[in-house]
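Overview (structure and organization)
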Amino acid sequence: MGDNGNDTKRRSAARCSNCGAIGIVQIWPDGRIQPLGQDQLCRCDDGELHVLEGSDRP
Ligand SMILES: [Zn+2]
């Protein structure tokens, strides 16, 4: 039934604090964040990715 759930990775949206790019990332159990389907969310070398949790308010 569906994909095998033998991992605890989860997906979330994240935004680069440098350029403001938003993309989908995988969050690994150890806290590592990896853009989904691409090497980088944007082209910033030192941009920090901030995970956008569920309901975020400005
Ligand atoms: Zn960026």
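I will try to describe carefully the structure that is included in this document.

Scoring rules and cut-offs
- Going along each chain's sequence as written, the residues are numbered from 1 onward.
- Totals for whole chains, interfaces and linings use all residues, but because this is a predicted model, local features are given only for residues with pLDDT of at least 70 and pairs of side-chain atoms are given and counted only at 80 or more.
- Secondary structure follows DSSP: runs of H or I at least 4 residues long count as helices, runs of E at least 2 residues long count as strands, and numbering of each begins at the N terminus.
- Three exposure classes are used, all based on how many other C-beta atoms lie within 10 Å of a residue's own C-beta (placed from the backbone): buried at 20 or more, exposed at 12 or fewer, and partly exposed between those limits.
- Here the contact rule is simple: place C-beta atoms from the backbone, and any two residues whose C-beta atoms are within 7 Å are in contact.
- Pairs of strands are assigned from DSSP output, requiring at least two bridges between the strands.
- Each axis is a line fitted through C-alpha atoms, and for a helix only the stretch in contact is used; angles between axes span 0 to 180 degrees, taken between their N-to-C directions.

Some details on the overall build of the chain
Within the chain, the secondary structure is distributed over zero helices and four strands. Starting at the N terminus and walking to the C terminus, you meet the elements of the chain as β-β-β-β. By the burial criterion, 9% of the 58 residues in the chain qualify as buried. Counting contacts in the chain only where the partners sit at least 6 residues apart, residues at least 24 apart contribute 43% of the total.

Overview of the pairing of strand β1 (residues 10-16)
As paired elements, β1 and strand β2 (residues 22-27) share six bridges and run antiparallel to each other. Bridging across to β2, Ser 12 finds its partner in Val 25. Hairpin remark: β1 followed by β2, antiparallel, with five residues in the connecting loop; positive phi at Gly 20, about 85°. Alignment of β1 against strand β4 (residues 49-52), held across four bridges, turns out to be antiparallel. Pairing of Arg 15 across the sheet is with His 50, part of β4.

A word on the pairing of β2
Pairing of β2 with strand β3 (residues 33-35), which is carried by three bridges, proceeds in the antiparallel orientation. Looking across to β3, one finds that Val 25 is bridged to Pro 35. Hairpin connection, β2 to β3: the antiparallel pair is bridged by five residues, and Gly 31 has positive phi, about 95°.

Considerations on the sheet that holds β2
Strand order across the open sheet formed by four strands is β3-β2-β1-β4, with antiparallel pairing between neighbours. If you trace the sheet from one side to the other, it starts and ends with β3 and β4, each paired once. On average, adjacent strands in this sheet sit at an angle of 50° to one another, irrespective of strand direction.

Describing the environment of Gly 31
The topology assignment puts Gly 31 in the loop between β2 and β3. On a C-alpha basis, the gap between Gly 31 and Lys 9 in space is 9.5 Å, while along the polypeptide they are 22 residues apart.

Some thoughts on the environment of Trp 28
By the element assignment, Trp 28 lies in the loop between β2 and β3. Since 13 C-beta atoms lie within 10 Å of it, Trp 28 is described here as partly exposed. Once residues within four sequence positions are removed from consideration, Trp 28 is found in contact with Lys 9 and Gln 34.

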